[in-house]
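One letter stands for each residue in the lines below.
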Amino acid sequence: MKGFELRLIQEDKIMCRNLKYLVFSVVCSLFLMSTVIFAQSKSIVFPEVEGWEKGDVATYPTAELGYSVPYQSETGGIVTVYVYNGGLSRIADGIDDQNVKNEIKKAENDIKAYGEAGYYQNVKLIKSESVTLGGISGTTKSLYSLFSFKVRGAEVDSEIYIFGYQNNFIKIRATRAKGKNGAENSEVNKLLTEIGKTFSK
């Protein structure tokens, strides 16, 4: 009987030791995750731009999803900048990396899927090309897609910009009132020019 009790005591000690190790490992993992997320959210400082209200940084659970920064104009335009790695360890700067080309195709397909699901109506891809953020006054090259569609009864132009930067994708979604034949919007260009300067320093 004593041998049986001794064995139970020894097993209890082992279980306690393993439980302490597990708790310690979980705490360390959570600390490291919070440190990484904090570093991510502070790695790029996006500008304040006149005529646009910059919102708070939204940080997602993993580097794969990254974080985002929203802007809203005084006239109702919405621009959101996403910084994420999509689960990839290596993403070259600029627009020539195949990963960047794949990512904009994925973003285009996402919009088309929303149309097929009925969230957007009359979805049309107007342009798919490479551009400079902010037009001729800009400095940062980006892949670019322009869609037009109807959402909640309103006709809008929706732009996607994607390029690589420090092993992350930078994706910019700009949604605004529909322009004539996808005409550029000076208000959005002003914001994109300033954002682009962040990546050309």
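Just so we're clear, the structure is a prediction, and the values are computed from it rather than from any experiment.

Thoughts on the pattern of salt bridges
Enumeration according to the criterion identifies seven salt bridges in this entry. Among the salt bridges present, the one from E48 reaches K54, with a minimum N-O distance of 3.9 Å. For K54, a relative accessible area of 25% corresponds to the partly exposed category. Notably, a salt bridge pairs E108 with K105, separated by 3.6 Å at the nearest N-O pair. In this pair, E108 and K105 are both assigned in helix α2 (residues 98-116), three residues apart and thus about one turn of the helix distant. Take E108: its relative accessible area is 3%, and that puts it in the buried class.

Focus on unusual backbone geometry
Note: most peptide bonds trans; most residues except glycine with negative phi. Although it is not a glycine, N122 adopts a positive phi angle of roughly 55°. Here N122 is to be found in strand β5 (residues 121-132). In this structure, N167 takes a positive phi of about 60° despite not being glycine. Of note, N167 is situated in the loop between β7 (154-165) and β8 (168-177). The exposure class assigned to N167 is partly exposed, which follows from its relative accessible area of 28%.

About the criteria used
- Residues numbered from 1 in each chain as written.
- Predicted model: local features only at pLDDT ≥ 70, side-chain atom pairs only at ≥ 80, totals over all residues.
- Heavy atoms only, no water.
- Salt bridge = Lys/Arg side-chain N within 4 Å of Asp/Glu carboxyl O.
- Buried < 20%, exposed > 50% of the residue type's maximum accessible area, 1.4 Å probe, protein only.
- Helix = DSSP H or I, 4+ residues; strand = E, 2+ residues; numbered from the N terminus.

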